[in-house]
Amino acid sequence: MKQHLILFLVSLLALQAAGVNAQSECDDNVLNARPQQLAGEGWHTERDQDNLTVYNRKVDGSPIREMLALTTIDKPAWRLFASVADYPNYPQFMPYVKKSRVLHEEGNRSRVFQQLDFPWPISDRYYTIELTADTTYSEQGHYFVSWTLSRAGLETPAGEGLPLKVDDGYWLFCTIGENRTFVEYYINSDPGGLLPSWAVNQANSRAVPDVLHAVARRAESATYDR
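Residues numbered from 1 in each chain as written. Predicted model: local features only at pLDDT ≥ 70, side-chain atom pairs only at ≥ 80, totals over all residues. Heavy atoms only, no water.

### Observations regarding the overall build of the protein
The secondary structure content of the protein amounts to five helices and ten strands. Looking at the 226 residues of the protein, the share that counts as buried comes to 49%. Looking at the protein alone, contacts between residues at least 24 apart form 55% of all its contacts between residues at least 6 apart. Surface exposure of the protein reaches about 12000 Å², of which carbon and sulfur atoms provide 49%. (Helix = DSSP H or I, 4+ residues; strand = E, 2+ residues; numbered from the N terminus. Buried < 20%, exposed > 50% of the residue type's maximum accessible area, 1.4 Å probe, protein only. Contact = heavy atoms within 4.5 Å. Areas by Shrake-Rupley, 256 points an atom, 1.4 Å probe, with all protein chains shown as cover.)

### So, the packing of aromatic side chains
For any pair of aromatic rings, geometry is given as the distance between the ring centres together with the angle between the planes. The tally for this structure, following the rule as stated, stands at ten aromatic pairs. Aromatic pair Trp43 and Tyr186: ring centres 6.2 Å apart, planes at 90 degrees, arrangement edge-to-face. Of the two residues, Trp43 sits in the loop between helix 3 (34-40) and strand 1 (44-49) while Tyr186 sits in strand 10 (residues 180-190), which places them 143 residues apart along the sequence. Given a relative accessible area of 6%, Trp43 falls into the buried group. Since its relative accessible area comes to 6%, Tyr186 is described here as buried. Aromatic pair Tyr170 and Tyr186: ring centres 5.3 Å apart, planes at 20 degrees, arrangement stacked. (Phe/Tyr/Trp six-rings, centres within 6.5 Å; stacked < 30°, edge-to-face > 60°.)

### Points about helix 4 (residues 77-84)
The buried fraction of helix 4 amounts to eight of the eight residues, a majority that puts the element mostly inside the structure. Elements in contact with the buried residues of helix 4: strand 3 (62-73), strand 6 (125-134), strand 7 (142-149), strand 9 (166-177), strand 10 and helix 5 (197-221).

### Here we look at the nonpolar core
Formed by 40 residues in total, the largest nonpolar core has its most connected members in Met94, Val145, Trp171, Phe173, Tyr185, Val208 and Leu212. Contact partners of Tyr185, with chain neighbours within four places excluded, come to Met67, Leu68, Ala69, Trp147, Tyr170, Trp171, Val208, Val211 and Leu212. Within the second largest apolar cluster, 13 residues are counted, among which are Leu38, Leu68, Cys174 and Ile176. (Core = buried A, V, L, I, M, F, W, Y, C linked by side-chain atoms within 4.5 Å.)

### Quick word on the packing of helix 4 against helix 5
As a packed pair, helix 4 and helix 5 sit with axes 9 Å apart at the nearest point and diverge in direction by 110 degrees. When the axes of helix 4 and helix 5 are compared, the pair comes out roughly perpendicular. Here helix 4 and helix 5 pass one another in a crossing that is right-handed. For the pair formed by helix 4 and helix 5, the contact residues are Arg79, Leu80, Ser83 and Val84 on the first element and Val215, Ala216, Arg218, Ala219 and Glu220 on the second. Here the residues of the contact of helix 4 with helix 5 sort into five nonpolar, one polar and three charged. (Axes fitted to C-alpha atoms, helices over the stretch in contact; angles between N-to-C directions. Parallel < 35°, antiparallel > 145°, perpendicular 65-115°, else oblique. Left-handed = near helix turned anticlockwise from the far one by under 90°. Nonpolar A, V, L, I, M, F, W, Y, C, P; charged D, E, K, R; others polar.)

### Details of the confidence of the model for the protein
The pLDDT averaged across the protein works out to 87; a share of 88% of its residues lies at or above 70. Here residues 1-25 is modelled with pLDDT under 50, and outside its nearest four sequence neighbours on either side it reaches 42 contacts, counting other chains as well. (pLDDT = per-residue confidence, 0-100.)

### Concerning the environment of Ser100
With respect to the element layout, Ser100 can be found in strand 4 (residues 97-106). Sequence separation between Ser100 and Tyr126 is 26 residues, and the spatial gap between their C-alpha atoms is 9.9 Å. Once residues lying within four places of it in the same chain are set aside, the contact partners of Ser100 are Tyr87, Pro88, Tyr90, Pro91, Val112, Phe113 and Gln114. Here the side chain of Ser100 touches Gln114 through a polar contact of 3.1 Å, side chain to side chain. (Polar contact = N/O pair within 3.5 Å; in protein donor to acceptor, adjacent residues only side chain to side chain.)

### Remarks on the pattern of salt bridges
One pass over the structure, following the stated rule, counts eight salt bridges. The residue Arg47 makes a salt bridge to Asp50 at a minimum N-O spacing of 3.9 Å. Classification of Arg47 as partly exposed rests on a relative accessible area of 25%. For Arg57, the salt bridge identified is with Glu66, shortest N-O distance 2.6 Å. For Glu66, a relative accessible area of 7% corresponds to the buried category. (Salt bridge = Lys/Arg side-chain N within 4 Å of Asp/Glu carboxyl O.)

Dropping the structure here:
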């Protein structure tokens, strides 16, 4: 989780280096340079269409690739953030999420149990994750949410099917105009079990656009107080 927070801070430093002050929006030059930066970090373009670019990258010691997506959504950043931070209601809009229960909250940190419901013949999966919602720069239109599997020794209820092996990720929302947001979504998810790696990589690739569309629809339809 620390590396995700470091990434967020690095992104903000990059904005400052480009001359963006605390009162301004994200700088287009910085955001436009993001794809080139990702290419230099070993990310490979998997899809680039319909205002959505999806990348994948090898993970040391694992056949499962991590995924990252860049897009812009015509919704306010705060509404998109409110949607992904609406953990108890994930079953209403997030693909495959059957249950989502907040086990503990303290400040901007939450521990959440989630049950996934997959179509046959794939076994269901469950997990407990620790999430951090960073609104430090919300006045400038920047929001960040990161998560990782819960640490050993903390409450991790059993669910149906198999426990998820790996689940790390983050959302970065950055205001680029009135009711328009730059979105960066990262996920490294390994369901474990006996599924072949090619099938997992294919499923993760399909899931990324679905998740982004689900969040955009939720931000449009849900009622949130700012």
